[in-house]
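Chains, contacts and geometry: an overview
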Amino acid sequence: MEEMPEKIEIRQKFPSWREMLKPVKEFEEGRLSYLSLPKQVDSEFFKMPFGDVERDFDDLKLPENWKEIFLEALKETLEKNRSFKLFMDICVRCGACADKCHYYIGTGDPKNMPVARAELIRSIYRRYFTPAGKLFGEWAGARELTEDVLKELYYYFNQCSLCRRCSLFCPYGIDTAEIVWWVRRILSRIGLNQRFMTISIEASSRTGNHLGLLPGGMYGAIQQGLEELKDYTGFDLHTYINKKGADVLFVAPSADYFATPHWYVMLGYLLLFNELEEKYGLTITWSTYASEGGNFGTFHSYEAAQLLNSKIYKEAERLGVSFIIGGECGHMWRDKHQFINTMNQPPKHEEWKKFWEDPDLGELAEGLRGVRFDSYASGEHGWIHILEFVAALLEHKKITVDKSRNDKWIATYHDPCNVARGMGLIEEPRYVLRNVMNHFYDMPEHTIKDKTYCCGAGGGMLADEIMDLRMRGVMPRMMAVRHVYRKYGVNILLTPCAIDKAQFPPALEYWKIPIEVGGPMEMVGNALVMTAFGEKPEDRQFDLRGEPLREEEGEEGE
Amino acid sequence: MIGVIFGVIVPYIAVAIFVVGVVYRIVNWANSPVPLKIPTTGGQQRSLPFIKRTVYDRFDSPYTWWETAGRMLLEIFLFRSLLKNTRYYLDRVSQKDARWLWLFGILFHYSLLLVLIRHSRFFLEPVPSFVEMLSEIESFKGVFIPSVYISGLAIVAALFLLWFRRIFLSRERTLSLPSDHFALILLLAITISGNLMRYFFKADLFAVKELLMSLMSFNIGHAVEVAETIEPIFYVHFALASFLLAYFPFSKLMHAGGVLFSPTRNMPNDNRARRHVNPWDPADVPLLAKGITVAGRTYKSKKLDWETYYEMYTDQLQEIEEANYKIVPEEL
């Protein structure tokens, strides 16, 4: 990893309110994201206003009437969105949110307090849209929109991972994620986009996934997974892709096709799908067109999010599947839980409608009768999280697991922000983990479940150029991990989130906590006994990392 | 003259501004569209039957209308989100529960409620018995003469505590705008003048009641008459309160109404059971594919539908077709 800060010093500053209204002029190294290049935002498939110019932070090359456009966009946002308007109006600046932000804790920068972040745009709102601000100016906390202010907006609104931890503690539920999301949208109207997220948005709008993987590449990646599984288990496994008439469409974040440790989770999925097909006849297909579960559009704007998630229901309809299972990803589940069926029309084809009339898996595969999802899902949405799915299979004893295969792991579980606070998936993963492994310990209560700390890289903040910010932002999470590492000897940090899995390895290294990172589905894959293939619990020799399951006597003894 | 200005004209104007302003703000919020269903979930979602939810989960991650209503009521009457507050200690890299803000907030708001209820004796004839009863209870009737109302003193104490937070805590001082101090000072001035009037510089309360009753029945002639007879100390209190009413709709004090509209709190977490419709997006074709117009120019992104996709990557997709949509390990 490049440009890791050597030493972090957190300098807290407490300027006066007047000072706070002035735009900062100095931008810290390692916290300022690059601006997008024309190839990302002037692409055929993702065309943003004024995207055709190459910009530099010192020279924003703003369109001539940028101020009008900005204020017009701000007005539109206020009119289109009750939450934004309300959040502009009702904050009382009580400060309850201030030390809830991992970026504030890590940087000490006063403008990283969620309330101060919102004040950056609120001050402009007051100046141009409220009588008090127009009359009293600075004394009403209002300020002019200038190019310096604009730079500041870009700087700070790209130092938020949309984790919504502040919104949990706010007495009015003011959601900084909502404010940041809409302000980024306003900035995109005058040509200011953050490069990291638009690279992925552009790739996904052109190829179907963030990595820009073409159909052959995805095919090859999954194939390699099957080959590895053959080495580890000895079984000839298979899977389907783009298959019409399959029962279920499976959508994973594209990082699972390549990256480590996402890869082990991918192998876990494949084992589970094979067992289910061989044993019960449930067919699950992947799709190259709907090959991305994640949605970086949800970091950028409503429209970008919709552009990316519009493919999946269409693909479900084309393939004629009965429902969709989604993989391990964090922001994906904010998108797939809260956004997708509002931004798109849910599928209306026969198989879908028929299944959701009586959503019992027995209708698709007789042996699975009794597994139902209608206590919380319906055909108006149709997505099931893979861990909910596994939890249901475990509860109904449809799959066999051998806990002892995971005995070398002492695990803790990190709740991804969006899964915990945008969805409420909290106990299902813990239920699964307790059923597939013997050693599982939670981190301190203040740092998990709905109060979970962000990994510091969500919301488009996984860019390499802001490594300093990432390593600072992850600090509260790392301290909690270190606590369980020292107390219980935890040696693996499990998280069902692709961005976490990319952020934690460097973060653990940086904060000097020598443990591994993985996903719950890896543990499921390890523990899953492939009974349909004649496997016995003690047969498996290797885990999904290709390492021996049981340590030999004497070898690496101490 | 003071009586007419501050006893009749100013209060009428203030109440008019208050009513029109608050109604305008609330109607304005209520009429704004809610594009997405975005509750902040603070607990376990409603899930598979064997995943148990505690009563906290039901309120923090509500699924039904009743649970959502419960969440809102707890939020409004108990400030539940503030009750969860923690404080992060950088030097100890740890955090502890910190409920002072909650305590001060509750103290202030409930005192305010009691004070307002007590003040209804000036507007209502006959005075409802529960108002009498509440006043008697909170003053421990008979212990002090004249009766000392706890809420009247508590509200001043709470306001000072809330203000000290903004003055002495560095983080809160940084965050506080002049308007935040102003609201507190205004409230302090009102409550202190009220207390002074009650215990030290007595005003003729029968006249005050007569004034308010005639103001309420628009008996302006009588109001003017009575107004001239009341002591000036009353008008200090009354004018400040009138000013507060007029200031209310333009200020952050509107959080009193706004809290009811917050989409992260007042929406149920039932996205997967019931579809939310965005009033400004028919959700048929992605908005970017329809094109967005900025400064007179339309920017249209090409839509990647299956046909386009197939055309772009025909060779590779055909290979997948030939493999019968099945992936097997390559024979080595």
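Residues numbered from 1 in each chain as written. Chains lettered and ligands numbered in written order. Predicted model: local features only at pLDDT ≥ 70, side-chain atom pairs only at ≥ 80, totals over all residues.

A few words on the overall build of chain A. Within chain A one finds 24 helices and 10 strands. In terms of overall size, chain A behaves like a compact globule, its C-alpha atoms giving a radius of gyration of 24 Å where 558 residues would be expected to give roughly 24 Å. Expressed along its principal axes, the backbone C-alpha trace of chain A runs to roughly 80 × 60 × 40 Å. For chain A, the residues scored as buried account for 65% of the 558 residues in total. Sequence-distant contacts in chain A: of pairs separated by 6 or more residues, those separated by 24 or more amount to 78%. (Helix = DSSP H or I, 4+ residues; strand = E, 2+ residues; numbered from the N terminus. Rg over C-alpha atoms; globule rule 2.2 N^0.38 Å. Buried ≥ 20, exposed ≤ 12 C-beta atoms within 10 Å, placed from the backbone. Contact = placed C-beta atoms within 7 Å.)

This brings us to the overall build of chain B. On a plain count of helices and strands, chain B comes out with 17 helices and five strands. Over its C-alpha atoms chain B spans a radius of gyration of 29 Å, topping by over 25% the 20 Å that the globule rule assigns to 332 residues. Judged by the C-alpha coordinates and their principal axes, chain B covers about 100 × 55 × 40 Å. Within the span of chain B, comprising 332 residues, buried residues form 34% of the whole. Counting only contacts in chain B whose residues sit at least 6 apart along the sequence, the fraction spanning at least 24 positions is 61%.

Attention now goes to the domain arrangement of chain B. Domain annotation of chain B identifies domain 1 (2-266) and domain 2 (287-322). A straight line from the C-alpha centre of domain 1 of chain B to that of domain 2 of chain B covers 54 Å. (Domains from an automatic or database assignment.)

All names here are of chain A. Judged by pairing direction, the sheet is parallel, and its three strands sit side by side in the order β7-β8-β9 without closing on themselves. The outermost strands of the open sheet, each flanked by one partner alone, are β7 (411-413) and β9 (516-518). Taking each pair of neighbouring strands and ignoring which way they run, the sheet shows an average axis angle of 25°. Judged from the three bridges that link them, β7 and strand β8 (residues 492-494) form a sheet pairing that is parallel. In the strand pairing of β8, Ala411 is matched with Ile492. (Pairing = 2+ DSSP bridges. Axes fitted to C-alpha atoms, helices over the stretch in contact; angles between N-to-C directions.)

What follows concerns the sheet that holds strand β4 (residues 323-326) of chain A. By definition, the strands of a sheet pair up through backbone hydrogen bonds, in either a parallel or an antiparallel sense. Pairing in this open sheet of six strands is mixed, and the strands run β5(A)-β4(A)-β2(A)-β3(A)-β1(A)-β5(B) from one edge to the other. Every other strand in the sheet has two partners, leaving β5 (383-385) of chain A together with β5 (326-327) of chain B as the edge strands with one partner each.

The next point concerns the pairing of strand β2 (residues 248-251) of chain A. Residue and element names in this part refer to chain A. Along β2, one buried face is formed by Val248 and Phe250 and the opposite face, lined by Leu249 and Val251, is buried too. What joins β2 to strand β3 (residues 284-286) is helix α13 (residues 262-280), and the crossover it makes is right-handed. Relative to β4, β2 runs parallel, the two sharing four bridges. The residue bridging Phe250 from the neighbouring strand is Ile325, located in β4. (Right-handed = clockwise from strand over helix to strand, strands pointing away.)

On to unusual backbone geometry. Residue and element names in this part refer to chain A. Going from Thr260 to Pro261, the amide bond is cis rather than trans, its omega being 5°. Note on placement: Pro261 falls in the loop between β2 and α13. Of note in this structure, Arg164 is not a glycine but carries a positive phi near 70°. For Arg164, the location among the structural elements is in the loop between α8 (147-157) and α9 (165-169). According to the C-beta neighbour criterion, Arg164 is buried, with 29 such atoms within 10 Å.

Residues and elements named next belong to chain A. End to end, helix α23 (residues 498-510) covers 19 Å across 13 residues, agreeing with the expected 18 Å (1.5 Å per residue, within 8%). Taken together, the buried positions of α23 are Ala498, Ile499, Asp500, Lys501, Gln503, Phe504, Ala507 and Leu508. On its buried face, α23 sits against α13, α21 (467-473), α22 (475-488), β8 and β9. Backbone geometry just after α23 places Lys512 at a positive phi near 60°. (Expected span 1.5 Å × (residues − 1).)

This part covers the interface of chain B and chain A. Often, the extent of an interface is quoted as the loss of accessible area on bringing the components together. On the side of chain A, 113 residues touch chain B, which itself brings 94 residues to the contact. In terms of residue count, helix α8 (residues 170-175) of chain B provides more of the side of chain B that touches chain A than any other element does, six residues in total. Split into classes, the residues belonging to the side of chain B that touches chain A amount to 45 nonpolar, 27 polar and 22 charged. Here strand β1 (residues 239-241) of chain A runs beside β5 of chain B; their pairing, made up of two bridges, is antiparallel. Its bridge partner lying in β5 of chain B, Thr239 of chain A is registered against Ile327 of chain B. (Nonpolar A, V, L, I, M, F, W, Y, C, P; charged D, E, K, R; others polar.)

Moving on to the domain arrangement of chain A. All names here are of chain A. When its domains are assigned, chain A resolves into domain 1 (17-30 + 49-192), domain 2 (201-397) and domain 3 (403-533). The C-alpha centroid of domain 3 is placed 31 Å from the C-alpha centroid of domain 1. Counting from both sides, the interface comprises 16 residues of domain 1 and, opposite them, 20 residues of domain 3. Every element with two or more residues in the side of domain 1 that touches domain 3 is listed here: α5 (102-107) and α9. Here the side of domain 1 that touches domain 3 takes five residues from α5, the largest share from any one element. In the side of domain 1 that touches domain 3, the residues fall into six nonpolar, six polar and four charged.

Further remarks concern the nonpolar core. Residue and element names in this part refer to chain A. Leu153, Val248 and Ile324 are the most contacted members of the largest nonpolar core, which totals 243 residues. No other element matches α13, which puts 12 residues into this core. Among all residues touching Leu153, those that are not within four sequence positions of it are Leu120, Ile121, Val183 and Leu187. (Core = buried A, V, L, I, M, F, W, Y, C linked by C-beta atoms within 7 Å.)

A few words now on helix α10 (residues 176-188) of chain A. Residues and elements named next belong to chain A. Taking 1.5 Å per residue as the helical rise, α10 with its 13 residues ought to reach 18 Å, and the 18 Å between its terminal C-alpha atoms agrees with that figure. Counting buried positions along α10 yields 12 of 13 residues, so the element is predominantly enclosed. Residues of α10 that are buried include every one of Thr176, Ala177, Glu178, Ile179, Val180, Trp181, Trp182, Val183, Arg184, Ile186, Leu187 and Ser188, and no others. Against the buried residues of α10 lie α3 (66-80), α4 (82-89), α6 (114-129), α8, α9 and α14 (297-300).

Let us look at the packing of α6 of chain A against α10 of chain A. Residues and elements named next belong to chain A. Axis separation between α6 and α10 bottoms out at 10 Å; the angle between their running directions is 35°. The handedness of the crossing between α6 and α10 comes out as left-handed. On α10, the residues touching Pro114, Arg117, Ala118 and Ile121 of α6 are Thr176, Ile179 and Val183. (Left-handed = near helix turned anticlockwise from the far one by under 90°.)

We now examine the environment of Ile105 of chain A. Tracing the backbone shows Ile105 of chain A in helix α5. Assessed through the 24 C-beta atoms surrounding it within 10 Å, Ile105 of chain A is described here as buried. Once the C-alpha coordinates of Ile105 of chain A and Pro261 of chain A are considered, the two residues, 156 residues apart in sequence, prove to be 28 Å apart. When residues no more than four places from it in sequence are discounted, the contact partners of Ile105 of chain A are Asp99, Met475 and Pro476 of chain A together with Tyr88 and Leu90 of chain B.

Here we take up the environment of Glu147 of chain A. Within the secondary structure, Glu147 of chain A sits in helix α8. Distance from Glu147 of chain A to Leu62 of chain A, taken between C-alpha atoms, is 9.0 Å for residues 85 residues apart in sequence.

So, on to the confidence of the model for chain B. Per-chain confidence: chain B averages 89 in pLDDT, with 98% of residues scoring 70 or above. Reported confidence for the predicted complex is 0.91 by ipTM and 0.92 by pTM. (pLDDT = per-residue confidence, 0-100.)

With that settled, the discussion passes to the confidence of the model for chain A. When the pLDDT values of chain A are averaged, the result is 91; 98% of them are 70 or greater. Low pLDDT, under 50, characterises residues 554-558 of chain A; the predicted model gives this stretch one contact beyond four residues in sequence or across chains.

Moving on: the environment of Arg173 of chain B. Among the secondary structure elements, Arg173 of chain B is positioned in helix α8. Linking Arg173 of chain B and Trp163 of chain B, residues 10 residues apart in sequence, is a C-alpha distance of 9.7 Å. Among all residues touching Arg173 of chain B, those that are not within four sequence positions of it are Phe14 of chain A together with Arg166 and Ile167 of chain B.

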